[in-house]
Amino acid sequence: MNKNLRQPVIAGNWKMNKTVDEAGSLIKDIIPLVKDSECEVVLCVPFVDVPAAVELTKNTNVKIGAQNCHFEESGAFTGEISAKMLSSLGVKYTIVGHSERRAYFKETDETINKRLKAVIKENISAILCVGENLEQRNQNVTEQVVKRQISLALQGVSEEDLNRVIIAYEPIWAIGTGKSALPQQAEEVCAYIRSAIRGLYGDVAADSVAILYGGSMNEKNAAELLQKENIDGGLIGKSSLDAKAFSHIVEAANQ
Ligand code: PGA
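Computed from a prediction, not measured in an experiment: that's the story for all the values here.

Participant: Any chance you could explain the side chain of Gln-67 here in plain terms?
Facilitator: Mapped onto the elements, Gln-67 comes out in the loop between β3 (62-66) and α3 (83-89). For Gln-67, a relative accessible area of 19% gives the class buried. At 3.0 Å, the side chain of Gln-67 and the backbone oxygen of Lys-15 are in polar contact. With residues up to four places along the chain from it excluded, the contact list for Gln-67 reads Asn-13, Trp-14, Lys-15, Met-16, Cys-44, Val-45, Pro-46, Thr-94 and Ile-95.

Participant: Honestly, the site of the ligand in this entry has me stumped. Any pointers?
Facilitator: Taken together, 13 residues are adjacent to the ligand, and Lys-15, His-98, Glu-170, Gly-176 and Ser-216 come closest. One nitrogen or oxygen atom from the side chain of Glu-170 is found 2.7 Å from an oxygen atom belonging to the ligand. In this structure, Gly-237 approaches the ligand through a main-chain N or O atom, which is 2.8 Å from an oxygen atom.

Participant: Quick question: what am I supposed to make of the environment of Lys-92 here?
Facilitator: Here Lys-92 is to be found in the loop between α3 and β4 (93-96). Given the relative accessible area of 44%, Lys-92 is considered partly exposed. Residues Lys-92 and Ile-231, 139 residues apart in the sequence, show an inter-C-alpha distance of 21 Å. When sequence neighbours within four positions are dropped, the list of residues in contact with Lys-92 reads Lys-63, Ile-64, Ile-124 and Ser-125.

Participant: For this particular structure, what's the right way to read the pattern of salt bridges?
Facilitator: It is possible for side chains of opposite charge to pair when their charged atoms get near one another. Taken as a whole and assessed by the stated rule, the structure comprises 14 salt bridges. The partner of Arg-115 in a salt bridge is Glu-107, with the nearest N and O atoms 3.5 Å apart. Per residue, the accessibility class of Arg-115 equals that of Glu-107, and both read buried. In this structure, the salt-bridge partner of Glu-132 is Arg-137, at a minimum N-O distance of 2.7 Å. Glu-132 gets classed as buried once you look at its relative accessible area, which sits at 0%. By sharing partners, the salt bridges in this structure join Arg-6, Arg-194 and Asp-232 into a single network.

What counts, and where the lines are drawn
- Residues take numbers from 1 onward in each chain, read along the sequence in its written order.
- Per-residue local features of the predicted model are confined to residues with pLDDT of at least 70, and side-chain atom pairs are confined, for both listing and counting, to 80 or more; whole-chain, interface and lining totals are unaffected and use all residues.
- The side-chain quantities take in all heavy atoms of the structure and omit both hydrogens and water.
- Put simply, DSSP marks the helices as runs of H or I at least four residues long and the strands as runs of E at least two long, and each gets a number from the N terminus on.
- Partly exposed residues are those whose accessible area sits between 20% and 50% of the maximum for their type, while under 20% is buried and over 50% is exposed, using a 1.4 Å probe and protein chains only.
- Polar contact is defined as a pair of N or O atoms within 3.5 Å, subject to the rule that within protein one atom must be able to donate a hydrogen and the other to accept it, and that residues adjacent in sequence are counted only when both atoms are side-chain atoms.
- Two residues qualify as a contact provided that any one of their heavy atoms is within 4.5 Å of a heavy atom in the partner residue.
- In these notes, residues near a molecule or strand are those with any non-hydrogen atom within 4 Å of it.
- For this analysis, a salt bridge means a side-chain nitrogen from Lys or Arg found within 4 Å of a carboxyl oxygen belonging to Asp or Glu.

The structure is reproduced here in structure tokens:
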């Protein structure tokens, strides 16, 4: 299938950055710079920034996402936010299973699977993150690692519901290090992920699922990464905090 039939997605992952006021000014800077974009532009902002961000992006082509959510709808889970709460605010996307959540907050493949299903139930699109650490790459087990993460995360997710899932390949060694994967390295794993989806769901699903690359993507390396056949967009951390850099990446995705 022609890659051009999949809409590119450029998603910013702001992580734990920006107060509401700071978020407001960054969003105001970003909106005019990306207004003609044909690709989907998403900003995954901290929870507390969501209401203002949704308000500011009304009637624009920028969508607001969250960075995580709990898998239960409500209940005694102090400090947590549910997918239902996010959807009631107008959130269209949320990251699920980011490696920082897996590493620092002990999220497991099992809870990631539950989160993913909770998100889909609320008609929110999940940006499911998978990726190997440096040791696993050096041991040549990258494919086994991502295959396992994907199959466990997608357990019980129907082919129809897969329409609500975007997969982000984020090698842990490339995140926040300034050392992106080489375009060919990223392409190889993204192609492998597509073949894993083909094995699980068949050709139609594999050809339509969006697969993003994330890990030190910036305005300099984006064009080359985004040209690759199986890379349909990017999940961008550091460079999404700079309106110009982020908009250059969006431009590269529009080429
Ligand atoms: P980075 O972060 O672009 O700063 O490497 C990417 C991510 O963690 O999603």
